[in-house]
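This is what each chain is made of:
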Amino acid sequence: SRHAYRIEREIPSADDRAYYTSRAASLLASSRWESRNLGVKLVGLLQARHKLPLIIALLKDRRPASWYKRLFGGDFEQVGFIRRNALTGIARLGVVTPVVEEVLVAAFTDPYYEVRSEAARTAAALDRSLGDEARRRLTAALIGVLQDSWLEVAAAAAESLGTIGGQDDALPALVQLQSFRYWVVRAAGLRGLLSLVERGRAGDLAELERQLRGFVLTATDFRPEFTIRSSYAGVLGAIARRRSSGT
């Protein structure tokens, strides 16, 4: 997992890490987007926290792509793959600053859907480092994309809400997904609720159990129906365990 990964175990030599980090950082200045994209990935994998400003600079770079690239669907000079992988890198670095918070919140309105879904996952990955204000802003941003036209974004947001939200904001937003049109998002909402219950942030468990009865568990074929029913059973099981333990 991102929390368990440590570059010191992978590359024990400090000299080697410094060399690879220098090479990775040099790629970020390349004129080729493929090289910049590789550099972004490597900085994150190398956990080069002192290179965080370079990652931030790429995310804040809103220079438009050239006119001929825009004809083929391009948007910014830093292509969507770079922006998405920059967020993955920030998650690996595990550092939250006001500037990180700023670019992460902005990423929820990025035109490329994979950036928005990665923003949701990054918010959850940084949970342990979030202050109260950052948590509030990111929770609001996650709630804002629950109705995203891309199901991947809405599902990622629902799961992440269970990690960083609470009973006053995430809980009602997730419960409202009970009759969402697409089972993928309903199932993600249930997984988000499971996280809230396990964290002890789900409020009145009897009331939540009552509200869970309103979740639509039907789907178009056997496999997703099995998945969503498993998620539903998981939430009920977590509620039962909470009650039995008296927490």
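Everything in this summary refers to the structure shown in the same document. (Residues numbered from 1 in each chain as written. Predicted model: local features only at pLDDT ≥ 70, side-chain atom pairs only at ≥ 80, totals over all residues. Heavy atoms only, no water.)

## Considering the pattern of salt bridges
Piece 1. All chains considered together, the criterion is met by 15 salt bridges.
Piece 2. Lys60 is the partner of Glu102 in a salt bridge, and the nearest nitrogen-oxygen pair spans 3.7 Å. Of this pair, Glu102 sits in helix 7 (residues 98-107) while Lys60 sits in helix 4 (residues 52-60), placing them 42 residues apart in sequence.
Piece 3. Look at Lys60 and you get partly exposed, because its relative accessible area is 44%. (Salt bridge = Lys/Arg side-chain N within 4 Å of Asp/Glu carboxyl O. Helix = DSSP H or I, 4+ residues; strand = E, 2+ residues; numbered from the N terminus. Buried < 20%, exposed > 50% of the residue type's maximum accessible area, 1.4 Å probe, protein only.)

## Description of the nonpolar core
Most often, soluble globular proteins have nonpolar side chains that are buried together.
Piece 1. Among the nonpolar cores identified, the biggest contains 72 residues, and Ile90, Leu190, Leu193, Leu208 and Leu212 are the most heavily contacted of them.
Piece 2. Per element, the largest residue contribution to this core is eight residues, and it comes from helix 10 (residues 151-164).
Piece 3. The residues contacting Ile90, other than those within four sequence positions of it, are Leu52, Ile55, Ile56, Leu59, Val95, Val100, Val103, Thr122 and Leu126. (Core = buried A, V, L, I, M, F, W, Y, C linked by side-chain atoms within 4.5 Å. Contact = heavy atoms within 4.5 Å.)

## Quick look at the packing of helix 4 against helix 6 (residues 80-93)
Piece 1. Where helix 4 meets helix 6, the axes come as close as 9 Å, and the angle between the chain directions of the two elements is 150 degrees. By the angle class used here, helix 4 and helix 6 are roughly antiparallel. Regarding helix 4 and helix 6, the two cross each other, and that crossing is left-handed. Contact residues: Leu52, Ile55, Ile56, Leu58 and Leu59 in helix 4; Ile82, Arg83, Ala86, Leu87, Ile90 and Leu93 in helix 6.
Piece 2. Of the residues in the contact of helix 4 with helix 6, the class split is ten nonpolar, no polar and one charged. (Axes fitted to C-alpha atoms, helices over the stretch in contact; angles between N-to-C directions. Parallel < 35°, antiparallel > 145°, perpendicular 65-115°, else oblique. Left-handed = near helix turned anticlockwise from the far one by under 90°. Nonpolar A, V, L, I, M, F, W, Y, C, P; charged D, E, K, R; others polar.)

Shape is all these values report; function is a separate question.
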